[in-house]
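# Survey of secondary and tertiary structure
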Amino acid sequence: MKTVKVYGPGCARCATTEKMVKDAAVRLGIAVTVEKVTDAKSIAMAGVMSTPGLSVDGKLVHAGGLPDAAKLDAWLSA
Amino acid sequence: MTTLDTPHSRRPDWLWYLGLPVAGLIWWLAYYQLIPFSEWVVSQLPVDRHSHTGEAIAFFVYDVPKVLLLLTLIVFITGVLRSWFSPEKTRAILAGRRQIWGYPLAALLGVMTPFCSCSSVPLFIGFVSAGIPLGVTFAFLIAGPMVGPVGLGLLYGLVGWQIATIYLVFGFTIATLAGWVLGQMRLERYLQDWVRDLNLGPVDDLPAEHLSFVDRLREGVAQVREIVGRVWIWVLVGIGIGAVIHGYVPEALMLRIMGGEAWWSVPAAVVVGVPMYTNAAGVIPIVEALLGKGAALGTTLAFMMSVIALSLPEMIILKQVLTLRLIAIFVAVVSLGILATGYLFNFLL
């Protein structure tokens, strides 16, 4: 089970990112829990400065803009 | 790594290299048909070309495709250029710069770094907790919207290079000076308590992303989709207001309320401009119409700067990290800079 956190204050791109993660997880057959972090303080504490940010199992892998679909697959299946 | 062969429909690189000049050519051809197109549209309508209504419609029909074309081009180029920058890189450059030239550097990076006002809180905390002085952070935050490429590019295309250059120089100066003044005031004590007490440990460094040139072009197109898709409605509203001013407002009235003689017009422009919330793309068609009707340059610049640089929604977002008192000082310092610019140009010209 992987834990993915999506950091973002609730912008359109953040919702899209969350959906991309869930879709990719289903397609790859990987069990993933997706958690949304919307509180500005927690976002900043995670070291994210441009949203949406993305962490997999506690490791920050992406910040700013939609993640690249191919890279997302790689992070999830790593 | 067995998953990299997932079916992502990606255009091959050669298509991008072919498509870029073709798109450029189409853009160029369209841009040079704007006047014939708008005159043709008006001639098809049952209105006198030189009536108020005819003037207003001609302004609208000419400006809408023009602004949308310019906006697309500027956002694309900016999107490509900004793919070389990120808030993380900017933070690394600015961290620990307490020297005087940290301010102009921050203003410059504010223009080049991609960030949206929706993430200005995490960005603010990220900067301050990395040891970037408060004033330098403010210079960055002011310059971003104030001298954004969209505003400058549209000003260049709609009003001319002279005024675009004046705007660039003074916008940049205000951001730098306001940042410096705020830095001298030792305002750290007016941060919200939790921000002051925040002690961020070393944060994870993001793995460096390697982007090919085509990746950067993709980023440009993605920006066009997102930004033009979001602001086109503001553009239409702005051009609509500009068209009404262009067609109906008598020059004598404009001279009386926004002319250089009316000393109170500069502060009035700031007071009206600050609560107005639109973006550069929406306000510049209005600026174009105002200047065309004889509004004084200083007054118009003051109006434009206060609309773009100071916005109520951004203040509300920043309330999470700044106390009301600090927000008030911030608004006051930036407004003073805008007022000074307005009076300077009304006085000089």
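Residues numbered from 1 in each chain as written. Chains lettered and ligands numbered in written order. Predicted model: local features only at pLDDT ≥ 70, side-chain atom pairs only at ≥ 80, totals over all residues.

### Points about the overall build of chain A
Applied cut-off: Note on conventions: DSSP H or I runs of at least 4 residues are helices, E runs of at least 2 residues are strands, and numbering of each starts at the N terminus. Each radius of gyration reported is based on C-alpha atoms, and the globular scaling rule is 2.2 Å times the count of residues to the power 0.38.
Across its full length, chain A holds three helices and four strands. From first element to last, N terminus to C terminus, chain A shows the α and β order β-α-β-α-β-β-α. The C-alpha radius of gyration of chain A comes to 11 Å, within 12% of the 12 Å expected for a compact globule of 78 residues. Taking the principal axes of the C-alpha coordinates as reference, chain A spans close to 35 × 20 × 15 Å.

### Thoughts on the nonpolar core
Residues and elements named next belong to chain B. This is how it is decided: A set of buried residues drawn from Ala, Val, Leu, Ile, Met, Phe, Trp, Tyr and Cys, joined through C-beta atoms within 7 Å, is what defines a nonpolar core. Neighbour counting defines burial: a residue surrounded by 20 or more other C-beta atoms within 10 Å of its own C-beta is buried, one with 12 or fewer is exposed, and intermediate counts give partly exposed, using backbone-placed C-beta atoms. Residue pairs are scored as contacts if the distance between their C-beta atoms, which are placed from the backbone, is within 7 Å.
Ala139, Ile142, Ala143 and Ala175 are the most contacted members of the largest nonpolar core, which totals 110 residues. A total of eleven residues in this core trace back to one element, the largest contributor, which is helix α3 (residues 52-82). Contacts of Ala139, omitting those with residues within four sequence positions, involve Tyr103, Ala106, Ala107, Gly110, Ala175, Thr176 and Gly179.

### A look at the interface of chain B and chain A
Contact residues are listed per partner, giving 24 residues for chain B and 22 residues for chain A. Among the elements of the structure, α4 (87-94) and α6 (120-129) of chain B are those that each provide at least two residues to the side of chain B that touches chain A. For the side of chain B that touches chain A, the element with the most residues is α6(B), which contributes five residues.

### A closer look at the packing of helix α7 (residues 134-146) of chain B against helix α9 (residues 161-184) of chain B
Residue and element names in this part refer to chain B. Definition in use: Helix axes are fitted to C-alpha atoms over the stretch in contact, other axes to C-alpha atoms as well, and angles between N-to-C directions run from 0 to 180 degrees. By definition in this entry, angles of less than 35 degrees are roughly parallel, angles greater than 145 are roughly antiparallel, angles of 65 to 115 are roughly perpendicular, and the rest are oblique. Working rule for handedness: look at the near helix, and if it is turned counterclockwise from the far one by less than a right angle, call the crossing left-handed; if clockwise, right-handed. Three classes are used, and their members are as follows: Ala, Val, Leu, Ile, Met, Phe, Trp, Tyr, Cys and Pro are nonpolar, Asp, Glu, Lys and Arg are charged, and the others, Gly among them, are polar.
Closest axis-to-axis distance for the α7/α9 pair is 7 Å, and the angle between their directions is 155°. Considering their axes alone, α7 and α9 lie roughly antiparallel with respect to each other. Regarding α7 and α9, the two cross each other, and that crossing is right-handed. The segment α7 lies against α9, with Leu134, Gly135, Val136, Phe138, Ala139, Ile142, Ala143 and Met146 engaging Gly171, Phe172, Ile174, Ala175, Thr176, Ala178, Gly179, Trp180, Leu182 and Gly183. Considering only residue class, the contact of α7 with α9 consists of 13 nonpolar, five polar and no charged.

### So, helix α14 (residues 280-292) of chain B
Residues and elements named next belong to chain B. The cut-off we apply is this: Given the number of residues in a helix, its expected span is that number minus one, multiplied by 1.5 Å.
When the terminal C-alpha atoms of α14 are compared, their 18 Å separation across 13 residues agrees well with the 18 Å that a helix rising 1.5 Å per residue should span. Most of α14 is tucked away: twelve of the 13 residues are buried. Every buried residue of α14 is accounted for by Ala280, Ala281, Gly282, Val283, Ile284, Pro285, Ile286, Val287, Glu288, Ala289, Leu290 and Leu291. At the C-terminal side of α14, Gly294 shows a positive phi close to 95°.

### Points about the environment of Ala268(B)
Among the secondary structure elements, Ala268(B) is positioned in helix α13 (residues 265-273). Look at Ala268(B) and you get partly exposed, because 16 C-beta atoms sit within 10 Å.

### Looking at the confidence of the model for chain B
We count it as follows: By definition, pLDDT measures how confident the predictor is in each residue, and it falls between 0 and 100.
Mean pLDDT for chain B: 88, with 94% of residues reaching 70 or above. A low-confidence stretch, residues 1-8 of chain B stays under pLDDT 50, and its non-local contacts, those more than four residues away or across chains, total twelve contacts.

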